[in-house]
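Here are the chains, one letter per residue:
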Amino acid sequence: MPQQKLLSGSPIGIFDSGIGGLTVLKAVQATLPSERLIYFGDTARVPYGTKSQVTIRKYAREDTELLMKHQPKLIIVACNTISALALEVVEQTAGDIPVIGVLKAGAELAAQRTKSGRIGVIGTQATIGSNAYTCAIRAENDALEVFPKACPLFVPLAEEGFIDHPATRLVAEEYLAELLGQKIDTLVLGCTHYPILRKVIESIGGPQITIIDSAEAVAEKAGELLSKSDLLNQSSEKVLPHLMVSDLPQKFRELYRLFMGTELPDVELVGV
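Residues numbered from 1 in each chain as written. Predicted model: local features only at pLDDT ≥ 70, side-chain atom pairs only at ≥ 80, totals over all residues. Heavy atoms only, no water.

(A) Region of the structure containing helix H9 (residues 166-181). An ideal rise of 1.5 Å per residue puts 22 Å on 16 residues; H9 measures up with 22 Å between its terminal C-alpha atoms. Residues Thr168, Val171, Ala172, Tyr175, Leu176 and Leu179 constitute the buried set of H9. Phi turns positive one or two residues past the end of H9, at Lys183, with a value near 60°. (Helix = DSSP H or I, 4+ residues; strand = E, 2+ residues; numbered from the N terminus. Expected span 1.5 Å × (residues − 1). Buried < 20%, exposed > 50% of the residue type's maximum accessible area, 1.4 Å probe, protein only.)

Put into structure tokens, the structure is as follows:
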């Protein structure tokens, strides 16, 4: 692959299997307001978490190729499943373009923040089943204890907009009881949908538990990386993100409003 010259005015490319990665888009926008952002949500093929590793790796390559057409200076993998199972495919496809995955960024931050060394991780079945968070956290410090827990109902609850709903609280209490019993002091939200339910999760966990939002961790890491490479966009002009999806479901507009707190800008329908 020919070497691409990285320019400070080039966009940051972000992709996810669907719309959960909008929490990453929002965090990057808040941390780096001058940057041009391009987001691709593979809404036609979501969810990735139930697919085989072969398929997940194929999707990872195709999603990256799509973003590469926009000549990004950085690619952010906002999908925990791809971060866990196919990050090296994204790196190979991106060539010289730096790649940041939500999983490693969240794991690093959790390892830095914990005081007791007891960390809980919640995520989808695929992410928890891959054991990738446990490995990534323990790679930072092998003395840390990690307690993973799959929370499959959190994604549909978030997508229904059940943010303060009694049903969400009941489900969250059920899921978190086991982790709280392990005396964790840090909890990683290992799925990009989960920050939408953060208030409920925080109120059940209590003030003694530090919540690690992988979206915020990735945004911080992106800022550090671009700053170090002298690639931060110096423009003071704020630009709306460019959104691409592989299918335009009815719910996309309302979910965008729910995730981002603003109306939906123009969306481009693309084939992968």
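After that view, the rundown keeps rolling.
(B) Highlighting the UniProt feature "active site" (unreviewed entry) in the protein chain. UniProt records the feature "active site" (unreviewed entry) at Cys79 and Cys191, using the numbering of this structure. The named residues occupy 113 residues along the chain; their greatest pairwise C-alpha distance, 7.7 Å, places them in one compact cluster. As for its position among the elements, Cys79 is in the loop between strand E3 (74-77) and helix H3 (80-85). Not counting the four nearest positions on each side in its chain, Cys79 is found in contact with Phe15, Asp16, Ser17, Tyr48 and Val102. The residues touching Cys191, leaving out its near neighbours within four places in the chain, are Asn80, Ile122, Gly123, Thr124 and Val155. (UniProt positions renumbered as here; feature names shortened; annotations may be inferred. Contact = heavy atoms within 4.5 Å.)

(C) Spotlight on the sheet that holds strand E7 (residues 186-189). Spatially, four strands are ordered E6-E5-E7-E8 in an open sheet, and the strand pairing comes out parallel. In this open sheet, the two edge strands, each paired with only one partner strand, are strand E6 (145-150) and strand E8 (210-213). Taking each pair of neighbouring strands and ignoring which way they run, the sheet shows an average axis angle of 20°. Here E7 pairs with E8 via four bridges, running parallel. Directly across from Thr186, in E8, lies its bridge partner Thr210. On top of the sheet, H9 reaches strand E5 (118-123), E6 and E7; it is set at about 165° to E6, its chief contact. Where helix H11 (residues 214-228) meets the sheet, it contacts E7 and E8, and its direction lies at approximately 60° from that of E8. (Pairing = 2+ DSSP bridges. Axes fitted to C-alpha atoms, helices over the stretch in contact; angles between N-to-C directions.)

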